Amino acid sequence: MQGTLVISLDFELLWGVFDKVDWREKEEYFQNTRKVIPEMLQLFEEYKISCTWATVGMLFNENWEEWNANIPEKLPDYDNKKLSAYKYGSSIQSKETEELCFAPGLIKLISKTPYQELGTHTYSHYYCLEPGQDIQSFNADLQKSKQLAENFGIELKSLVFPRNQYNEDYLEVCRKFGLHTVRTNPAVWYWRNAQKDSFKQKLFRTGDAYIGLNNKSYRNIPEIVPGISGQKASRLLRPNSGKNLLDKTRIKRILSEMSTAAKNKEIYHLWWHPHNFGANPGKNLQELKIILEHFKICQNRFGFQSLTMSGINKTAVDNHYE
């Protein structure tokens, strides 16, 4: 098995953060996100980089009229009502919010770009560990995601759980809808229990972006239930902070981890949200280019390769790489 770079992106626009922000203050941020995605795709094509776009299914809708027609029959009844995408969406419907919530054109562009995979981030940015929701509403959610993807000619094979709320009890539903692989959390204490983050967990996750052991790559992709494999996230690519020394340290750490994975023939799984580039798209794209240039160096020296989540999963299954 060759060393492999896997990139997965949590593509969500406003659906990923609506409970945390006022959309009126984020219009430019998400407009920047829409502009930066084609530039990301150009870089991926130029450097022949495979990427899995774990996409919130609501983005497939053209407008609010279509969104209203696609509300599933069973909805999650979160104890925390602020988490409901359906209640939120019903409250902000207007022409001016459509570009913050829907992106069928970008989805088509991604699907037409070489080396890219469309995966799912559930239909409604569904929270799998929150009190009040259950497996029946999760089933209805994934069914809707599958339906809309199929309308675009897309077969979903990979899933990323929103907010990293990995729920092993729901994997059988994933398998039923044809999903073969999911992203799981890093195997360290400060990534556990993503539902209830403590200050200490957040502090250690932030610190880990700059210092710590070079131990983020791995060799095994285990089958966590029959027919579903789990791919550990290695590193969140944090956005440019504007603090030059810290940003250089953060990127240098990623490059070092990539080199380790390439030399040791291991997997390095990098992830972020496209909207993370929305605050400073130019500098974030520059940093991404530095990472992709380093990928090329590792490819030439060590045979490092780039695969999607479904691609590395197929390679692992075909080679009994578990």
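Everything numeric here is computed off the predicted structure, so don't read it as measured data.

Caption draft 1: Broad picture of the packing of helix 1 (residues 27-46) against helix 10 (residues 281-302). At a minimum axis distance of 11 Å, the contact between helix 1 and helix 10 shows a crossing angle of 20 degrees. One element, helix 1, and the other, helix 10, form an angle in the roughly parallel class. The interaxial crossing formed by helix 1 with helix 10 has right-handed handedness. On helix 10, the residues touching Asn32, Val36, Glu39, Met40, Leu43 and Phe44 of helix 1 are Pro281, Leu285, Leu288, Lys289 and Leu292.

Caption draft 2: Seen up close, the packing of aromatic side chains. Following the criterion strictly, the structure yields 18 aromatic pairs and no others. Measuring from ring centre to ring centre gives 6.1 Å for Trp15 and Trp67, while their planes differ by 10 degrees; the resulting arrangement is stacked. Of the two residues, Trp15 sits in the loop between strand 1 (4-11) and helix 1 while Trp67 sits in helix 2 (residues 64-69), which places them 52 residues apart along the sequence. Per residue, the accessibility class of Trp15 equals that of Trp67, and both read buried. Three or more aromatic residues joined by ring pairs make a cluster, and in this case those are Trp15, Phe18, Trp64, Trp67, Tyr86, Tyr88 and Phe102. Above the ring of Tyr29, the side-chain terminus of Lys26 is found at 4.2 Å from the ring centroid.

Caption draft 3: Fine view of the pairing of strand 9 (residues 267-272). The buried fraction of strand 9 is high, at six of six residues. Of the two faces of strand 9, both are covered, the one formed by Ile267, His269 and Trp271 as well as the one formed by Tyr268, Leu270 and Trp272. Note: strand 1 against strand 9, six bridges, orientation parallel. Within strand 9, the position partnered with Leu5 by the bridge is Tyr268.

Caption draft 4: Examining the environment of Glu155 more closely. Structurally, the position occupied by Glu155 is in the loop between helix 6 (135-151) and strand 4 (158-160). For Glu155, a relative accessible area of 56% puts it in the exposed group. Along the primary structure Glu155 and Gly119 are separated by 36 residues, whereas in three dimensions their C-alpha atoms are 8.3 Å apart.

Caption draft 5: Region of interest: the packing of helix 1 against helix 5 (residues 104-112). One can describe the packing of helix 1 onto helix 5 by two numbers: an axis separation of 10 Å at closest approach and a directional angle of 5 degrees. In this view, helix 1 runs roughly parallel relative to helix 5, as classed from their interaxial angle. Within the contact between the two elements, helix 1 uses Arg34, Ile37, Pro38 and Leu41 and helix 5 uses Leu106, Leu109 and Ile110. By residue class, the composition of the contact of helix 1 with helix 5 is six nonpolar, no polar and one charged.

Caption draft 6: Looking closely at the side chain of Gln165. In this fold, Gln165 is placed in the loop between strand 4 and helix 7 (171-176). A distance of 3.4 Å separates a polar side-chain atom of Gln165 from the backbone nitrogen of Cys128. There is a polar contact of 3.2 Å between the side chain of Gln165 and the side chain of Glu130.

Definitions and cut-offs
By convention here, each chain's residues receive numbers from 1 onward along its written sequence. In keeping with the model being predicted, local features are shown solely for residues with a pLDDT of at least 70 and side-chain atom pairs are shown and tallied solely at 80 or more, while totals for entire chains, interfaces and linings include all residues. The basis for the side-chain values is all heavy atoms of the structure; hydrogens and waters are excluded. Orientation is described by lines fitted to C-alpha atoms, with helices fitted over the stretch in contact, and by angles between N-to-C directions that extend from 0 to 180 degrees. Helix and strand definitions here come from DSSP, where helices need a minimum of 4 consecutive H or I residues and strands a minimum of 2 consecutive E residues; each element is numbered from the N-terminal end. Should an angle fall under 35 degrees it is taken as roughly parallel, and over 145 as roughly antiparallel, whereas 65 to 115 is taken as roughly perpendicular and any remaining angle as oblique. What makes a crossing left-handed is the near helix being turned counterclockwise from the far one by less than a right angle; a clockwise turn instead makes it right-handed. Should any heavy atoms of two residues lie within 4.5 Å, those residues are counted as being in contact. Ring pairs shown here join Phe, Tyr and Trp side chains whose ring centres sit within 6.5 Å, with only the six-membered ring taken for Trp; geometry is labelled stacked below 30 degrees between planes, edge-to-face above 60, and tilted in between. Each residue's exposure class comes from its accessible area (1.4 Å probe, protein chains only) as a fraction of the maximum for that residue type: buried when under 20%, exposed when over 50%, partly exposed otherwise. Placement of a charge over a ring requires the Lys NZ or Arg CZ to be within 6 Å of the ring centre, with the centre-to-atom vector within 35 degrees of the ring normal. Between any two strands, pairing holds if DSSP finds at least two bridges. For this scheme, ten residues count as nonpolar: Ala, Val, Leu, Ile, Met, Phe, Trp, Tyr, Cys and Pro. Four count as charged, namely Asp, Glu, Lys and Arg, and the remainder, Gly too, count as polar. For this analysis, a polar contact is any N or O atom pair within 3.5 Å, provided that within protein one partner can donate a hydrogen and the other can accept it, and provided that sequence-adjacent residues contribute only side-chain to side-chain pairs.

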